[in-house]
Amino acid sequence: MTLLETDRSHDISQPLERLSADETMKANSNQLRGTIAAGLEAELTAAVPGDDIKLMKFHGLYQQDDRDIRDERRRQKLEPAYRFMARVRLPGGVLSPAQWLKLDALARAHAGEALRLTTRQTFQLHHVHKKDLRPVMQGLHDVLLDTKAACGDDARGVMASINPELSALHAEVYTLARAVSDHAIPKTGAYREIWYGEEREQPGDGPEEPLYGRTYMPRKFKIGFVIPPVNDIDVYAQDLGFIAIVENGRLTGFNVAVGGGMGRTDQAPKTYPRLASVIGFIPKDKVIETCDAVMAVQRDYGDRADRSRARFKYTVDDKGLDWIRAAIEDRLGFILAPARAYAFTSNGDTLGWQRGEDGREHFTLRIQNGRVKNFEALALLDGIRTIAENHRGQFRVTPNQNLVIANIAPEDRPQIEALLTTLGLDRLNGGSGLRRNSMACVALPTCGLAMAESERYLPTLIGKIEDILDAHGLADEPITIRMTGCPNGCARPYIAEIALTGRAPGKYNLYLGGGFAGQRLNKMVLENVAEPAILDLLGGVIADFASKRLPGEHFGDFAIRAGHVAEVTEGRHFND
Ligand code: SRM
Ligand code: SF4
């Protein structure tokens, strides 16, 4: 069958002959079934064949290999140490203690005794053998979790602000985030058939994928809900962001922001990070329709020839904001109202205890770079398991890779407080203002795209920057710092006050000047440099900041005002 000949169900605006190979792959995948089921049975290799690697992403699974031992395996003429990473779908990051305990058990049995909290409020299980994939997927299913659309060209994990103090609002926004996630995930039966062994249903009259057709989205599509004043989800980094508008204490609707994204490629100026643009306001009962309309515009007009330009942010820039707004309104059948006033003050988490307006207590625990395992100095995996065994509320994974022990009844607080102390978990919330506002992506050894260390290196680098901050009396100053092992931007580095993105082993680009509330892109000040150059430059800016900052001025704002950020990056659109 020629690509898409029978798949003109949507008004895909590009000539068929230009479409990328991935479009053929999706169209011919039998709605994401491919040969995945057969590949799982092949015992001679720990890998899966050909296109199934890409197709399995739509099922939330990545084939990886342990890069720490890649060379050694090659020398021994062995195939790479293939394993899989499974990413859970967890809208808004909310889960129950029972779900935590299941994840803990799966991690111990199949995933290297570790869990990884992600920058989009969910979990990754790494190092899963091919033979263990079904037990993992079925184990998740036992506690009503799945990995649908956690990766792939579809609507990814839907984010929602944590905001422990605003209990009712959080509950309302979380319900919408869940509804959007359930609505926007692929509807194909492939997942149930392959992972749960269900029989294929007889085809009905309608298409198996009403929204996606046979070719899904041109690229990943990310949706998030934020409740000002805390921009914890980094709404300007989302393809589609909903900014909650609260009037007289009630949620009235959302400002709609479109076209955000972080990924860029070094030496490729046609790729760049972009902050989402606010295009108008919708009442809260129009959220699902708005998702459908915006996704349909990107589905039909996103670039399906060049995957490096296939994100919605490029469609928005190529078509222009007025065109995009009109196309969305056309599909919605109504005109967006003017955007309403809102303001953000920060994009970090408030660590420690907070009380909700309903009187329930919440404790936000800092998890360094999201890694939960039994470290030599602290049995973190064991510790949180004990909390889960004793906790009657919920957990929430934050967009900053932290964990909230949420909805603790006031009478239960003393017990949780005592456990946090005896298990040594309360110590995690210490450290400098820089460390408390830091994030690093996974990078080595599992990420196939990493060019440099990130998660395993940032804590050490922060220690060295802390020495400089200490010397200037700035140990408690909240400053955001984010590191990634490559320019893809998984820790949303391009909006941090200080950011480092990997170029080669031990070499990074250094960026300064992002907004403390995630409202402004930073700019590159050093390219492809090693630690001494990074510390040298930061030392100078920090010394200047200590002596010349205005009262209350944030580090990123100062770096710009004082002229430390002269270079212009490839980024587009500043929201302040
Ligand atoms: Fe990411 C690819 C990890 C959030 C932009 N990301 C990857 C892969 C799957 C590598 C791969 O394709 O082989 C990484 C797996 C590493 C590993 O071993 O676990 C990976 N991304 C992550 C996580 C786990 C980072 C973390 O430390 O928490 C985050 C998982 C989020 C989730 O739960 O769904 C993660 N990735 C992000 C974000 C942040 C966000 O969405 O808020 C971004 C930037 C926002 C954006 O999409 O623009 C991001 N990841 C990318 C990109 C670049 C996309 C682009 O448009 O250019 C890639 C590469 C790609 O897609 O080709 C990528
Ligand atoms: Fe991997 Fe790059 Fe994402 Fe880090 S930023 S997890 S190195 S793709």
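Residues numbered from 1 in each chain as written. Chains lettered and ligands numbered in written order. Predicted model: local features only at pLDDT ≥ 70, side-chain atom pairs only at ≥ 80, totals over all residues. Heavy atoms only, no water.

Student: Sorry if this is basic, but what is going on with the packing of aromatic side chains here?
Tutor: In this description, an aromatic ring pair is defined by two values, namely the gap between the centres and the angle between the planes. Per the counting criterion, the structure on display carries 18 aromatic pairs. Measuring from centroid to centroid gives 5.4 Å for Trp 100 and Phe 395, while their planes differ by 40°, and the two rings are tilted. A residue pair is termed long-range when its members are at least 10 positions apart, and Trp 100 in helix H5 (residues 97-110) and Phe 395 in strand S14 (residues 394-397) qualify at 295 residues. Of the two residues, Trp 100 and Phe 395, both sit in the buried class. Through a chain of ring-to-ring contacts, the aromatic side chains of Phe 58, Tyr 212 and Tyr 216 assemble into a single cluster. The ring of Phe 281 has Arg 340 lying over it, and the distance from NZ or CZ to the ring centre is 3.8 Å. Between Arg 413 and the ring centre of Trp 353, over which it is positioned, the NZ or CZ distance is 4.0 Å. (Phe/Tyr/Trp six-rings, centres within 6.5 Å; stacked < 30°, edge-to-face > 60°. Helix = DSSP H or I, 4+ residues; strand = E, 2+ residues; numbered from the N terminus. Buried < 20%, exposed > 50% of the residue type's maximum accessible area, 1.4 Å probe, protein only. Lys NZ or Arg CZ within 6 Å of the ring centre and 35° of its normal.)

Student: Can you help me understand H5 in this one?
Tutor: Each α-helix turn comprises 3.6 residues. Residues three or four places apart therefore point the same way. Look at H5: 20 Å from first C-alpha to last across 14 residues, which is about the 20 Å you get at 1.5 Å a residue. Here H5 has its buried residues at Pro 97, Gln 99, Trp 100, Leu 103, Asp 104, Leu 106, Ala 107 and His 110. (Expected span 1.5 Å × (residues − 1).)

Student: Would you take a moment to explain the site of ligand 2 for this structure?
Tutor: Surrounding ligand 2, one finds Cys 441, Ala 443, Cys 447, Leu 449, Ala 450, Thr 484, Gly 485, Cys 486, Asn 488, Gly 489 and Cys 490. Residues that form the shell around ligand 2 fall into these classes: 7 nonpolar, 4 polar and no charged. (Near = heavy atom within 4 Å. Nonpolar A, V, L, I, M, F, W, Y, C, P; charged D, E, K, R; others polar.)

Student: Even after reading the chapter, I still don't get the site of ligand 1, so can you show me in this structure?
Tutor: Taken together, the neighbourhood of ligand 1 is formed by 29 residues, with Thr 118, Met 262, Thr 446, Cys 490 and Arg 492 sitting nearest. Within the side chain of Arg 87, an N or O atom sits 3.5 Å from an oxygen atom of ligand 1. Take Lys 220: an N or O atom from its side chain is 2.7 Å from an oxygen atom of ligand 1. Those elements giving two or more residues to the shell around ligand 1 turn out to be strand S1 (61-65), strand S2 (82-87) and strand S5 (123-128). Looking at side-chain class alone, the shell around ligand 1 contains 9 nonpolar, 12 polar and 8 charged residues. Two domains each provide a minimum of three residues to the shell around ligand 1, namely domain 1 (3-197 + 208-332) and domain 3 (434-561). (Polar contact = N/O pair within 3.5 Å; in protein donor to acceptor, adjacent residues only side chain to side chain. Domains from an automatic or database assignment.)

Student: Please clarify how helix H13 (residues 413-422) should be interpreted in this entry.
Tutor: Of all the residues in H13, the buried ones are Arg 413, Ile 416, Leu 419 and Leu 420. Taken around the axis of H13, the buried residues stretch over an arc of 130°, which confines them to a single face. Residues Pro 414 and Thr 422 are exposed on H13 and point more than 90 degrees away from its buried face. Buried residues belonging to H13 abut strand S11 (352-355), strand S12 (361-365), helix H12 (380-390) and strand S15 (403-408). Note on H13: the residue one or two positions beyond its end, Gly 424, has a positive phi of about 80°. (Arc of directions from axis to C-beta. Contact = heavy atoms within 4.5 Å.)

Student: Just checking my understanding: could you explain the domain arrangement of the protein for this structure?
Tutor: Segmentation of the protein into domains returns domain 1 (3-197 + 208-332), domain 2 (352-431) and domain 3 (434-561). Here domain 1 and domain 3 have C-alpha centroids that lie 27 Å from each other. Opposite the 26 residues of domain 1 that make contact, domain 3 presents 34 residues. Inspection of the region where domain 1 meets domain 3 yields 5 salt bridges. Taken together, the links from domain 1 to domain 3 amount to 16 residue pairs in polar contact (both at pLDDT 80 or more). (Salt bridge = Lys/Arg side-chain N within 4 Å of Asp/Glu carboxyl O.)

Student: Please clarify how the pairing of strand S17 (residues 481-484) should be interpreted in this entry.
Tutor: Look at any regular strand and the pattern is simple: side chains alternate between the two faces of the sheet. Alternating positions in S17 separate into two faces, Ile 481 and Met 483 on one and Arg 482 and Thr 484 on the other, with burial throughout. Where strand S16 (residues 438-440) lies against S17, 3 bridges are found, and the strand directions are parallel. Residue pairing for S17: Ser 438 is matched across the bridge by Ile 481. Where S17 lies against strand S18 (residues 498-504), 4 bridges are found, and the strand directions are parallel. The residue of S18 that forms the bridge with Arg 482 is Ala 499. (Pairing = 2+ DSSP bridges.)

Student: I tried to follow the sheet that holds S18 on my own but got confused; where do I start?
Tutor: Pairing between sheet strands relies on hydrogen bonds along the backbone, with the strands arranged either parallel or antiparallel. Spatially, the 5 strands line up as an open sheet ordered S16-S17-S18-S19-S20, and their pairing is mixed. Either end of the sheet is taken by a strand with one partner, and the two such strands are S16 and strand S20 (523-529). On average, each strand axis in the sheet is inclined to that of its neighbour by 15°, with strand direction left out of account. With 6 bridges connecting them, S18 and strand S19 (residues 507-512) associate as antiparallel partners. (Axes fitted to C-alpha atoms, helices over the stretch in contact; angles between N-to-C directions.)

Student: Explanation requested: the coordination of the iron atom of ligand 1 in the structure shown.
Tutor: Tetrahedral metal sites with four donors have an ideal angle of 109.5 degrees; octahedral sites with six donors have ideal angles of 90 or 180 degrees. Counting protein donors to the iron atom of ligand 1 gives just one, Cys 490 (SG), placed at 2.3 Å. Locating Cys 490 in the fold gives a position in the loop between S17 and S18. (Donors = N, O, S within 2.8 Å, 3.2 Å for Na, K, Ca; no water.)

Student: Would you mind going over the pairing of strand S8 (residues 240-247) with me for this structure?
Tutor: With respect to burial, S8 is a largely interior element, 6 of its 8 residues being buried. In this sheet, strand S9 (residues 250-258) lies alongside S8 in antiparallel orientation, the contact comprising 8 bridges. In the strand pairing of S9, Glu 247 is matched with Arg 250. With antiparallel pairing between neighbouring strands as the criterion, S8 and S9 make up a hairpin whose turn holds 2 residues, including Asn 248 at a positive phi of roughly 50°.

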